[in-house]
Each structure stands twice: as structure tokens, then as C-alpha cells.
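Secondary and tertiary structure notes
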Amino acid sequence: MSYVIFGRAIKNEYLALGVFGTVFGGASLAMRGGKKENAAGQSLQKARESIPINAGSSDEEELYESLFILLPLPTSSSKNARILRILDKRIEERKQLSSELSENLANPSDIPKLKQLKETEPIQAAWEELVRTRELLSETDTLLNDPDETMRALAIEEHESLSTSLETLVETTIPSLLTPPSTTSTMSAMLELKSGVGGSESSLFLADMLRMYLRVANARQWQATIVSQNENEGGGIKDALVEVKGEGAYDALRWESGVHRVQRVPATEASGRTHTSTVAVIVLPLMEEESGAAEELFSMSDVKVEVMRARGAGGQHVNKTESAIRLVHIPTGITVSMQDERNQHQNRRRAFTVLRSRLMDLKLTREMAERRATRQNLVRTADRSEKIRTYNFAQERVTDHRIGLTLKNLTSVLEGDGLQDFIYELQKNHDESVLEDMLNAE
């Protein structure tokens with residue numbers, strides 16, 4: 001067992017036991033080999049004798065200032081120790097920032113500092129909650145051996161509650177606050193669905209998936225608009241393009257990028273044999289014309305604009321006017337064609353929106369690849385060639401292969417409710433990965 005005071009491992013057993021005795025108000029938790037130490041003071045005295053710390057030194061003062069918020073952590077919980085170390089560092093940075101403010105807050109340099117202090121208020125609140133919970137736990141511990149049975153029972157119940165709160169703070173609340181905020185948290189999303197192997201069965205499943213995403217958007221109160229879709233003659237949809245507008249839409253739906261595999265018996269299959277089909281989903285950040293970041297993505301001199309007559313059904317107006325638009329981004333070779341609207345202006349606007357979204361997606365993908373290459377941890381969760389999820393109708397189950405999660409309620413997933421469970425777990429897995437990267441970088 002190691003004991004950590006915000007990242008400082010105390011491996012000397014006497015010092016650790018003495019600290020424990022002092023913090024918890026007694027020697028009931030100071031255990032060694034199943035035997036109680038007599039008194040916290042004796043352990044601290046032995047610690048002084050065994051560790052060369054001069055009385056009154058800054059090291060000793062710093063140590064004792066931290067005693068009342070000591071957290072016992074098993075050796076295997078090195079992650080918790082690193083989290084507390086970073087928390088301690090953030091609090092010190094906040095104190096330093098506060099000390100740099102001018103007395104009357106009239107200096108222009110105070111503005112960014114005040115903004116940063118405002119942004120880190122939740123971290124300060126978590127710190128204060130940690131200290132307060134730790135103090136209450138210390139006070140409660142003195143009552144665990146109270147001679148009064150009723151008082152002892154209440155103390156045990158309160159101790160368990162406070163211990164759970166402390167664990168939640170260290171393992172959930174504080175890590176979520178320390179995790180860097182997403183740079184795409186305010187972005188809407190654009191979904192491209194394309195049928196893959198499996199012919200008409202793939203097109204039929206694409207229609208099911210399109211309905212699933214529309215239901216999720218409705219449940220999240222996002223505005224979903226089908227920009228274009230091409231129906232299959234045998235039923236179903238060949239491909240579809242959907243705009244989902246709303247804060248957090250891209251961050252939630254980006255985990256849907258990849259190949260979705262369906263295993264079921266087609267209605268036209270006489271022998272009852274199970275067929276396997278696929279649908280490819282690409283989720284892009286929706287970049288509108290009014291977005292300031294859009295201007296940085298390309299220069300108009302790099303975009304070749306072609307105007308042509310629209311093809312397909314739609315009457316004489318569609319076939320006789322040059323309303324279709326094709327854009328070619330010369331540096332990347334990205335091509336976007338749009339002919340679904342009735343006039344050239346609307347098709348042009350739609351085409352540029354798609355181009356911006358694809359270029360932003362390319363930029364985000366490159367940045368992600370660079371970060372992974374830097375830490376030599378090439379994770380394939382965003383690889384669109386991967387079969388990320390399997391929908392097995394015979395077994396009524398859906399399995400996400402990236403996190404190994406299986407839900408045996410396929411109907412719920414296709415209705416949108418079960419899909420939100422996958423989205424939550426994938427986001428949680430991502431946040432844990434980001435936190436781990438941050439811890440390793442410290």
C-alpha cells in the first residue's frame with residue numbers, strides 16, 4: 001500500500017501510518033500486518049527519526065499542510081495519484097494567476113486572466129468539495145468506535161456515504177473537469193450514408209439506419225434535414241446526405257463513422273439463409289457559410305466551379321436549365337456535385353457547405369493522426385474501413401467492435417434509444433483515452 005498526498009507517494013510505513021492516524025483522528029485505520037499501531041503520535045515520531053526532515057523546514061510545513069486532505073490509494077491506483085497531482089498543479093496555477101491580477105483590475109492584461117479564472121471555477125469547486133469531504137470523513141472516523149451503538153451505526157453509514165462521494169470525486173468528477181474540452185463541441189453534423197455489399201438488402205438496411213438517425217436527432221432536439229437521397233428501384237435507399245443542426249451533434253454522431261454490418265434473412269430469401277450486407281457512414285462537421293473557421297479551409301482560387309444541366313427525373317425545368325454544380329478542390333482532389341435543388345444558387349450553396357465539411361473533416365483527421373503519431377499509439381477507432389458495428393437480427397443483438405459492447409435489444413437500437421447508449425459509452429471511452437494521454441504527457 002502506498003499513500004499519496006496529491007501525487008507525493010509516502011512509502012515509509014511509519015510516516016504513512018502516522019499521517020493516517022493524524023488525519024483520521026485515531027489509530028483505527030493505521031494497520032500493519034493486521035496489528036494496530038498504538039498511537040498516531042508514536043508513528044510520526046518514528047517517521048521523524050527515520051526520515052531526515054529538519055523541524056520547521058518548508059518540506060515539513062508543506063507536508064503537514066496537506067495532511068488533512070490525504071487520500072489512501074493502493075499501488076495499482078497510480079492513475080488516481082496522477083490525477084490528484086494534476087489537480088494540485090491546476091490549483092497552484094490558478095492561485096498564481098489570481099496573484100498576478102492588478103489591485104483595481106484596471107489593467108488590460110487582467111481581462112484574459114479573469115476569463116481563465118472564470119473557466120477554471122469548476123476545478124476550484126471540485127477542489128473545495130474534495131477538501132470538505134475529506135474533513136467530514138476525518139470527523140466521522142472518530143465516531144466509528146463510539147461506545148454508543150446508535151451513534152456508531154450512524155457513523156458507519158455516514159462514513160460509507162462520504163467514502164463513496166470521495167471515490168466519485170477522484171475517479172469521475174475531477175477527471176471530467178481535467179479533460180481538455182472538445183474543440184468541436186458546438187459543431188453540427190453532416191451524415192453521408194452509402195450502401196455497400198449486399199445489393200438491395202444493403203439499400204433496405206440503409207433506409208432503416210436513416211430512420212434511426214432521424215429519431216436520435218429528434219430525441220436530442222436537433223434539426224435534421226435530408227439534403228439528398230437516391231432511392232433503389234428494388235426498394236430502400238442507395239445513398240443519402242443528412243444535415244443535423246444542433247450543438248453537440250457532431251461530437252455525438254462522429255462515432256458512427258465506419259462500416260456497419262447487418263446479418264439477417266432477406267424477405268426474398270426462400271431458403272431462410274442469412275445474408276451479410278454493409279452500409280458505410282461518414283460523419284462530417286457541418287461547416288456553414290457564416291462559420292468563421294470556414295474561410296481558413298480553402299481559397300476560392302483553389303476551387304474549380306463547373307455548371308451543368310441536371311440529370312434524372314424532375315421535369316423539363318431540371319433537364320433544360322444549367323442548375324447542377326460541381327466543385328473540385330484542386331489541392332486535395334475533393335469533388336462535390338449537387339443537383340437536388342431547382343436552381344443553381346441553392347445547389348451552389350449546398351455544394352460549398354459539403355466541401356467545407358469535407359475539408360474540416362480532413363483537417364481534424366490529420367490533426368488526430370499527428371497526435372497519435374506523436375505518442376506512438378495509433379488507434380484505429382476512427383478508421384472508416386473498419387467494421388465498427390454488427391446488427392444481428394437472428395440473435396436480436398448489436399455489437400460495437402471498438403469497445404466490445406453488446407446490447408441484446410436490436411429493436412431499441414434501431415428505434416434510436418439503444419443507439420444513445422452506444423454513443424454514451426463511446427464518448428466515455430474517448431474521454432478516458434484523452435485523459436490517459438494527458439496523464440502520460442505530464
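In the block above lies the structure referred to throughout.
First things first, this report covers the structure right here in the doc. (Residues numbered from 1 in each chain as written. Predicted model: local features only at pLDDT ≥ 70, side-chain atom pairs only at ≥ 80, totals over all residues. Heavy atoms only, no water.)

1. Some remarks on the overall build of the protein
Helices and strands together make up the secondary structure of the protein, namely 13 helices and 16 strands. Across the 442 residues in the protein, those meeting the buried criterion constitute 41%. Partitioning the intrachain contacts of the protein with sequence separation of at least 6 by distance along the chain shows that 61% fall at a separation of at least 24. As presented, the protein carries roughly 24,200 Å² of accessible surface, and 48% of it is formed by carbon and sulfur atoms. (Helix = DSSP H or I, 4+ residues; strand = E, 2+ residues; numbered from the N terminus. Buried < 20%, exposed > 50% of the residue type's maximum accessible area, 1.4 Å probe, protein only. Contact = heavy atoms within 4.5 Å. Areas by Shrake-Rupley, 256 points an atom, 1.4 Å probe, with all protein chains shown as cover.)

2. Observations concerning the nonpolar core
Counting residues in each nonpolar core, the largest one holds 55 residues, and the members touching the most others are Leu191, Met209 and Tyr391. Ignoring anything within four residues of it in the chain, the contact list for Leu191 reads Tyr213, Ala240, Leu241, Val242, Val244, Leu253, Ile282 and Val283. (Core = buried A, V, L, I, M, F, W, Y, C linked by side-chain atoms within 4.5 Å.)

3. Looking at the sheet that holds strand 12 (residues 324-329)
Strand order across the open sheet formed by three strands is 11-12-13, with antiparallel pairing between neighbours. Looking at strand neighbours, the two that pair on one side only are strand 11 (303-308) and strand 13 (334-338), the edges of this open sheet. Averaged over all pairs of adjacent strands, the angle between their axes in this sheet comes to 15 degrees, without regard to strand direction. (Pairing = 2+ DSSP bridges. Axes fitted to C-alpha atoms, helices over the stretch in contact; angles between N-to-C directions.)

4. Thoughts on the packing of aromatic side chains
Per the counting criterion, the structure on display carries one aromatic pair. Ring geometry for Phe205 and Tyr391: centres 5.1 Å apart, planes at 65 degrees, overall edge-to-face. Placement of Phe205 in helix 8 (residues 200-219) and of Tyr391 in strand 14 (residues 387-392) is noted, with a sequence separation of 186 residues between them. For the cation-ring pair, Arg264 lies above Phe393, with the distance from its terminal atom to the ring centre recorded as 4.8 Å. Across from the ring centre of Phe422, 4.9 Å away, lies the NZ or CZ of Arg389, which sits over that ring. (Phe/Tyr/Trp six-rings, centres within 6.5 Å; stacked < 30°, edge-to-face > 60°. Lys NZ or Arg CZ within 6 Å of the ring centre and 35° of its normal.)

5. A few points about a negative patch on the surface
A cluster of like negative charges, contributed by Asp417, Asp421, Glu425, Asp431 and Glu432, occupies part of the molecular surface. Structurally, Glu425 can be placed in helix 13 (residues 417-441). (Patch = residues over 30% accessible without salt bridge, like charges linked within 9 Å, V, L, I, M, F, W, Y side chains within 5 Å. Salt bridge = Lys/Arg side-chain N within 4 Å of Asp/Glu carboxyl O. Lys, Arg positive; Asp, Glu negative; His and termini not counted. Charge placed at Lys NZ, Arg CZ, Asp CG, Glu CD.)

6. Focus on the pairing of strand 7 (residues 223-231)
Judged from the eight bridges that link them, strand 7 and strand 8 (residues 237-245) form a sheet pairing that is antiparallel. Bridging across to strand 8, Gln229 finds its partner in Ala240. The turn linking strand 7 back onto strand 8 is made up of five residues, and Gly235 within it adopts a positive phi angle of 110 degrees.

7. Brief notes about the packing of helix 6 (residues 121-141) against helix 7 (residues 149-178)
Where helix 6 meets helix 7, the axes come as close as 9 Å, and the angle between the chain directions of the two elements is 160 degrees. The pairing of helix 6 with helix 7 is recorded here as roughly antiparallel in orientation. Crossing angle aside, the handedness with which helix 6 passes helix 7 is left-handed. Contacts between helix 6 and helix 7 pair Pro122, Ile123, Ala126, Glu129, Leu130, Thr133, Arg134, Leu136, Leu137, Thr140 and Asp141 from the former with Ala155, Glu158, His159, Leu162, Ser163, Ser165, Leu166, Leu169, Val170, Ile174, Leu177 and Leu178 from the latter. (Parallel < 35°, antiparallel > 145°, perpendicular 65-115°, else oblique. Left-handed = near helix turned anticlockwise from the far one by under 90°.)

8. Some points on the sheet that holds strand 10 (residues 275-286)
Pairing is mixed in the open sheet, where eight strands are placed in the order 7-8-6-10-9-14-15-16. In this open sheet, the two strands that pair with only one neighbour each are strand 7 and strand 16 (405-407). Between one strand axis and the next, the sheet turns through 15 degrees on average, direction left out of account. Bridge count for strand 14 against strand 15 (residues 397-400) is four bridges, and the pairing is antiparallel. Paired with Asn392 across the bridge in strand 15 is Arg397. Relative to the sheet, helix 8 contacts strand 6 (188-195), strand 7, strand 8, strand 9 (258-264), strand 10 and strand 14, its axis offset from that of strand 8 by approximately 10 degrees.

9. A closer look at helix 7
One turn of an α-helix holds 3.6 residues; hence residues three or four places apart share an orientation. Taking 1.5 Å as the rise per residue, helix 7 with 30 residues should run 44 Å; its terminal C-alpha atoms sit 42 Å apart, in good agreement. The largest bend in helix 7 comes to about 45 degrees, at Leu169. Regarding helix 7, the residues found buried are Ala155, His159, Leu162, Leu166, Leu169, Val170, Ile174, Pro175 and Leu178. Two to three positions downstream of the cap, the backbone nitrogen of Thr150 sits 3.0 Å from a side-chain oxygen, assigning the N-cap of helix 7 to Asp148. (Expected span 1.5 Å × (residues − 1). Bend = angle between axes of the 7 residues up to and from the residue. Polar contact = N/O pair within 3.5 Å; in protein donor to acceptor, adjacent residues only side chain to side chain.)

10. Re a nonpolar patch on the surface
Nonpolar side chains collect at one region of the surface, where Leu143, Met151 and Leu154 lie side by side and expose about 250 Å² of accessible area between them. Checked against the element boundaries, Leu143 lands in the loop between helix 6 and helix 7.

11. Re the pattern of salt bridges
Going through the model one piece at a time under the given rule, you end up with 18 salt bridges. The residue Glu92 makes a salt bridge to Lys95 at a minimum N-O spacing of 3.7 Å. Here Glu92 and its partner Lys95 are both found in helix 4 (residues 78-99), three residues apart, which amounts to about one turn of the helix. Residue classification places Lys95 among the partly exposed positions, given a relative accessible area of 48%. A salt bridge links Arg326 to Glu306; the shortest N-O distance between them is 2.5 Å. A residue pair is termed long-range when its members are at least 10 positions apart, and Arg326 in strand 12 and Glu306 in strand 11 qualify at 20 residues. Note on Arg326: relative accessible area 32%, which makes it partly exposed.

12. A word on the environment of Ala252
Residue placement: Ala252 occurs in helix 9 (residues 249-253). Judged by its relative accessible area of 7%, Ala252 is buried. In this structure the C-alpha to C-alpha distance between Ala252 and Gln427, which are 175 residues apart in sequence, comes to 7.4 Å. Ala252 has contacts with Arg220, Trp222 and Ile423, leaving out every residue within four places of it along the chain.

13. Overview of the environment of Ser202
Structurally, Ser202 can be placed in helix 8. Given the relative accessible area of 0%, Ser202 is considered buried. For the pair formed by Ser202 and Thr276, sequence separation is 74 residues and the distance between their alpha carbons is 8.6 Å. Leaving out residues up to four positions away in the same chain, Ser202 has contacts with Ser195, Gly196, Val197, Ser277, Thr278 and Val279.

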